Amino acid sequence: MGEVDPAFIQDPEHRPRLVVIEAEGIPLIDLSPAISTSEKLAREIGGACSEWGFFQVINHGVPLECRQKLESAARKFFGQDVEEKRKVRRNETSVLGYFDAENTKNVRDWKEVFDVAVQEPTVVPVSTDPADDRVVEWFNRWPLYPSELREACEEYSREVEKLAHKMLELIALSLGLAANSLNVYFKDHQTTFMRLNHYPPCPSPTLALGVGRHKDGGALTVLAQDEVGGLEVRKKSDGEWIRVKPTPGAFIINVGDIVQVWSNDKYESVEHRVMVNSEKERFSIAFFLNPAHYTVVKPLDELIDENNAPKFKSYNWGKFMTHRKDSAFTKQNVENIQTHHFRMQE
């Protein structure tokens, strides 16, 4: 991946802190029907969302061989020469596929990725202009090698999508809503995508990050990380960073900005980052559950009353996503749009 960017080393805002608490970490929830009812799970998940914004799940129903198949294909793809990988490199018009941080506007993230849309084509707005209702279709770009990558991605996405919707139903129940009340936003034209991540060994792991601190803009993220680990979550209570110890076979779930807005701040999208390793490479698979592009995101009507006024203005998810996409290729003159920009003034 090259040398660590000197500008990154000099930026104390984004440099990793050397002190990280090793603790029990985020909640671990067993989804086995033999152990937990929907009501019990909803309470556990509601508590995890409220206190942490993150939790791990075991006995989740996603076949292990499905995950292993995709991990194997991803390792083969990322193991190729960079020239081969860049044959399916993403750009301003083809936003899906491969990219590495060394060849983007921001080289602070020590990783390379491969993005795949779950629904093909994925329909998104052409521009962020509210008056422009044109849309464009995104298509996946598949490499010639390994030949099994496409099938592995499609099989994995089908299984993890089931888990994501189950989590969404339990979150709805925890908010006092009907179980299927949130699924309608993902019924047609969802903008869900997957990201295969590869973090090569870094010569200066204390001066770089696999991924800088950030919050997820979508609804829900389902993450599979390997035994190397590296994910860190910022505690809501005191702002300290907690390293998420890998649990064999588990998935890590975190609520995104959309769930924070829907819940009117009852649940919070929490900052997280990824640390790199000086000796070992790391692989992970992130599944980002996102609604249809035309979805208007705002606090849910059922959760608003005279004692709980809306804390966010409504915004169009597709325009929000397009702004994020544009900023990945072109340096903006303003801060990248964030959900807090839609917060009501108190």
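- As annotated in an unreviewed UniProt entry, the chain carries the name Fe2OG dioxygenase domain-containing protein and comes from Cannabis sativa.
- Taken directly from UniProt, the Sequence similarities (unreviewed entry) text for the chain runs: "Belongs to the iron/ascorbate-dependent oxidoreductase family."

## Notes on helix 3 (residues 64–78)
- The terminal C-alpha atoms of helix 3 lie 21 Å apart, and with 15 residues this matches the ideal 21 Å at 1.5 Å per residue to within 8%.
- Of the residues making up helix 3, those classed as buried are Cys66, Arg67, Leu70, Ala73, Ala74, Phe77 and Phe78. Down the axis of helix 3, the smallest arc covering the buried residues is 130°, so these residues share one side.

## Considering the packing of helix 2 (residues 38–51) against helix 5 (residues 149–174)
- Contact pair helix 2 / helix 5: the axes reach a minimum separation of 8 Å and the direction vectors enclose 85°. Between helix 2 and helix 5, the angle falls in the class roughly perpendicular. When helix 2 is examined against helix 5, the residues Ser38, Leu41, Ala42, Ile45, Gly46 and Cys49 are found in contact with a partner set consisting of Met167, Leu170, Ile171, Leu173 and Ser174.
- Looking at side-chain class alone, the contact of helix 2 with helix 5 contains eight nonpolar, three polar and no charged residues.

## Overview of the packing of helix 3 against helix 5
- Contact pair helix 3 / helix 5: the axes reach a minimum separation of 9 Å and the direction vectors enclose 140°. Considering the relative orientation of helix 3 and helix 5, their crossing is left-handed. On helix 5, the residues that touch Cys66, Arg67, Lys69, Leu70, Ala73, Ala74 and Phe77 of helix 3 are Leu149, Glu151, Ala152, Cys153, Glu155, Tyr156 and Glu159.
- When its residues are assigned to classes, the contact of helix 3 with helix 5 shows nine nonpolar, no polar and five charged.

## Examining the packing of aromatic side chains
- For the structure shown, the criterion picks out 13 aromatic pairs.
- Both rings, one in Phe77 and one in Phe114, keep their centres 5.1 Å apart while their planes meet at 55°; by these two values the pair is tilted. Note that Phe77 is positioned in helix 3 and Phe114 in strand 4 (residues 112–117), a separation of 37 residues in sequence.
- Residue classification places Phe77 among the buried residues on the basis of a relative accessible area of 0%.
- Taken together, a centroid distance of 5.6 Å and an interplanar angle of 25° make the contact between Trp317 and Phe320 stacked. Note that Trp317 and Phe320 are positioned in helix 7 (residues 317–327) at a spacing of three residues, about one turn of the helix. Of the two residues examined, Trp317 and Phe320, each falls in the buried class.
- Counting every residue linked through ring pairs, the aromatic cluster contains Phe77, Phe78, Tyr98, Phe114, Trp142 and Phe283.
- Over the face of the ring belonging to Trp241 we find Arg273, whose NZ or CZ atom lies 4.1 Å from the ring centre.

The rules behind these values
- Residues numbered from 1 in each chain as written.
- Predicted model: local features only at pLDDT ≥ 70, side-chain atom pairs only at ≥ 80, totals over all residues.
- Heavy atoms only, no water.
- UniProt positions renumbered as here; feature names shortened; annotations may be inferred.
- Helix = DSSP H or I, 4+ residues; strand = E, 2+ residues; numbered from the N terminus.
- Expected span 1.5 Å × (residues − 1).
- Buried < 20%, exposed > 50% of the residue type's maximum accessible area, 1.4 Å probe, protein only.
- Arc of directions from axis to C-beta.
- Axes fitted to C-alpha atoms, helices over the stretch in contact; angles between N-to-C directions.
- Parallel < 35°, antiparallel > 145°, perpendicular 65-115°, else oblique.
- Contact = heavy atoms within 4.5 Å.
- Nonpolar A, V, L, I, M, F, W, Y, C, P; charged D, E, K, R; others polar.
- Left-handed = near helix turned anticlockwise from the far one by under 90°.
- Phe/Tyr/Trp six-rings, centres within 6.5 Å; stacked < 30°, edge-to-face > 60°.
- Lys NZ or Arg CZ within 6 Å of the ring centre and 35° of its normal.

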